[in-house]
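Understanding the architecture of this molecule
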Amino acid sequence: MPEVLLNRVLAIGGRILSLALTVGITLIGLAALTFCIGRIVPIDPVISVVGPKASEEVYQRVFLEMGLDKPVWQQFLLYAGKLVQGDFGTSFVTNRPVLSDLAGFFPATLELATLGLLIGTLVGVPAGVAAAYWHDRWPDYLIRFIGLIGYSVPIFWLGLVGLFIFYARLDWVSGPGQIDVFYQGIVKPVTGSILIDSTIAGEWEVFANAWSHIVLPALLLGYYSLAYISRMTRSMMLDQLSREYVLTARLKGATEYRVVMLHALRNAAIPLVTVIALSYGGLLEGSVLVETVFAWPGIGNYIASSLFRADINAVLGGTVLVGAVFILLNMVSDVIYQMLDPRSNLRRR
């Protein structure tokens, strides 16, 4: 018995060590790639700090202070050493620790991406199920056409068109930004999410104003997520509906609702967890264009503006954060997958 327990502990420890090494190597590779790209971009980070009118003496002093006189590989090793210690450096533009900036901007992106995922999941999964059930009939063609538009049309163009129609013309939603200037400072930040914080404070006017700002970009991200989720749901449902157990259930007199929703969808939901997790990660890292169009104070807008200003510390910090969240989502989805399907553990042995 002690030997069996020891083997289990060693196996769990080995998996944790392997996972930690994989995460570490992935994050280091991501940081190295971003660092090298930041160094070859034709933007001078020193000018971003001192300004174009600075003297040559000031320029050279800041150039040396930033360590730009060293080889690129040495610059990266110095940065990686600080990164391991949790030091993301200082932003050249805001003059604040990058970690503080990320903590301030990331909740807004998390709020927007979460709403987008909810919309994409609540609409995309039923749409995928319907497309699979009415395979090669008009509901299937319509759902696939709507999804194709979501894949093909640039999301920033949809954002501009949405602002023009629903904000400028119809006045159904508020314009760019997270909240009107009049309501800023009324709600004390607790979670970083303006919707949650205004609910906690009981400031329903602030909540309504924040909702009118977030609804349009959230719908756009939801549409983008819907296109992916509905397509993958349709593919998985088609595979399940062609299985023998579905035919057996129908021959036994089970209703179509029971066959589709309680048998086929239940089995398709297992790999669908990974699809939804990947979609969530895609929304978190792919919200740059939406946040730029809507002037949303999130991590995507922060990274984009920092990149144009050659603020490499901010760009690297944001990229590493998004990469870490993406890896975390994959780990969580893998754990849920194993909980829902115990056979996956047997396949790994």
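Just above, that's the structure.
What counts and how
Residues numbered from 1 in each chain as written. Predicted model: local features only at pLDDT ≥ 70, side-chain atom pairs only at ≥ 80, totals over all residues. Heavy atoms only, no water. Helix = DSSP H or I, 4+ residues; strand = E, 2+ residues; numbered from the N terminus. Buried < 20%, exposed > 50% of the residue type's maximum accessible area, 1.4 Å probe, protein only. Areas by Shrake-Rupley, 256 points an atom, 1.4 Å probe, with all protein chains shown as cover. Axes fitted to C-alpha atoms, helices over the stretch in contact; angles between N-to-C directions. Left-handed = near helix turned anticlockwise from the far one by under 90°. Nonpolar A, V, L, I, M, F, W, Y, C, P; charged D, E, K, R; others polar. Contact = heavy atoms within 4.5 Å. Salt bridge = Lys/Arg side-chain N within 4 Å of Asp/Glu carboxyl O. Expected span 1.5 Å × (residues − 1). Arc of directions from axis to C-beta. Core = buried A, V, L, I, M, F, W, Y, C linked by side-chain atoms within 4.5 Å.

Digging into the overall build of the protein
A count of helices and strands for the protein gives 15 helices and zero strands. Relative to its full complement of 349 residues, the protein shows a buried share of 39%. Summed over all atoms, the accessible surface of the protein reaches about 20,100 Å², with 68% contributed by carbon and sulfur.

Some points on the packing of helix H5 (residues 98–133) against helix H9 (residues 204–241)
At a closest axis distance of 5 Å, the pairing of H5 and H9 adopts a crossing angle of 35°. Here H5 and H9 pass one another in a crossing that is right-handed. Of the residues assigned to the contact of H5 with H9, the class counts are 23 nonpolar, nine polar and two charged.

Things to note about the side chain of Gln240
Of note, Gln240 is situated in helix H9. Judged by its relative accessible area of 9%, Gln240 falls in the buried class. Residues within four places of Gln240 in sequence aside, it is in contact with Tyr245, Val246, Ala264, Asn267 and Ala268.

Let's talk about the environment of Leu118
One can find Leu118 in helix H5. Taking C-alpha positions, Leu118 is 9.9 Å from Leu221, a pair spaced 103 residues apart along the chain.

Some details on unusual backbone geometry
Trans is the common state for peptide bonds, and a negative phi is the common state for residues other than glycine. Backbone geometry at Asp171 places phi at a positive 60°, although glycine is not the residue there. If you trace the backbone, Asp171 turns up in the loop between helix H7 (155–169) and helix H8 (194–201). Among the residues examined, Asp171 registers a relative accessible area of 58% and is labelled exposed. Despite not being glycine, Ala295 shows a phi value in the positive range, around 50°. For Ala295, the position within the fold is in the loop between helix H12 (288–293) and helix H13 (299–308).

What about the pattern of salt bridges?
Summed over the entire model, instances satisfying the criterion amount to five salt bridges. Where Arg144 meets Asp140, a salt bridge forms, and the shortest distance between an N and an O atom there is 3.4 Å. One end of the pair, Arg144, and the other, Asp140, are both in helix H6 (residues 138–152), four residues apart, so they sit about a helical turn from each other. Note on Asp140: relative accessible area 0%, which makes it buried. Ionic pairing is found between Asp239 and Arg243, a salt bridge with its closest N-O pair at 2.9 Å. Take Arg243: its relative accessible area is 39%, and that puts it in the partly exposed class. Connected through shared salt-bridge partners, Asp140, Arg144 and Arg234 make up one network.

Details of the environment of Met237
Structurally, the position occupied by Met237 is in helix H9. Measuring from C-alpha to C-alpha, the distance between Met237 and Ala264 comes to 6.5 Å, with 27 residues separating the pair along the chain. Not counting residues up to four positions away in its chain, the partners in contact with Met237 are Val129, Ala132, Val260, Ala264, Leu265 and Ala268.

Some thoughts on H6
Each α-helix winds once per 3.6 residues, and so residues spaced three or four apart point in a common direction. Counted at 1.5 Å a residue, the expected span for H6 with its 15 residues is 21 Å, and the 21 Å between its end C-alpha atoms agrees. Those residues of H6 that fall on the buried side of the exposure criterion are Pro139, Asp140, Ile143, Gly147 and Gly150. Down the axis of H6, the smallest arc covering the buried residues is 100°, so these residues share one side. Residues of H6 that are exposed and point more than 90 degrees away from the buried face comprise Trp138, Leu148 and Ser152. In this structure, the buried residues of H6 make contact with H5 and H9.

Focus on the nonpolar core
Residues Phe88, Leu112, Met237 and Leu241 are the most contacted members of the largest nonpolar core, which totals 64 residues. Filtering out sequence-adjacent residues up to four positions away, Leu112 remains in contact with Ile214, Pro217, Ala218, Leu221, Val290, Glu291 and Trp296.

Quick look at helix H4 (residues 72–84)
With 13 residues, H4 extends 18 Å from end C-alpha to end C-alpha; this agrees with the ideal 18 Å at 1.5 Å per step. Of the residues flanking the end of H4, it is Gly86, one or two places downstream, whose phi is positive at about 85°.

Any functional reading would require information beyond the geometric quantities listed.
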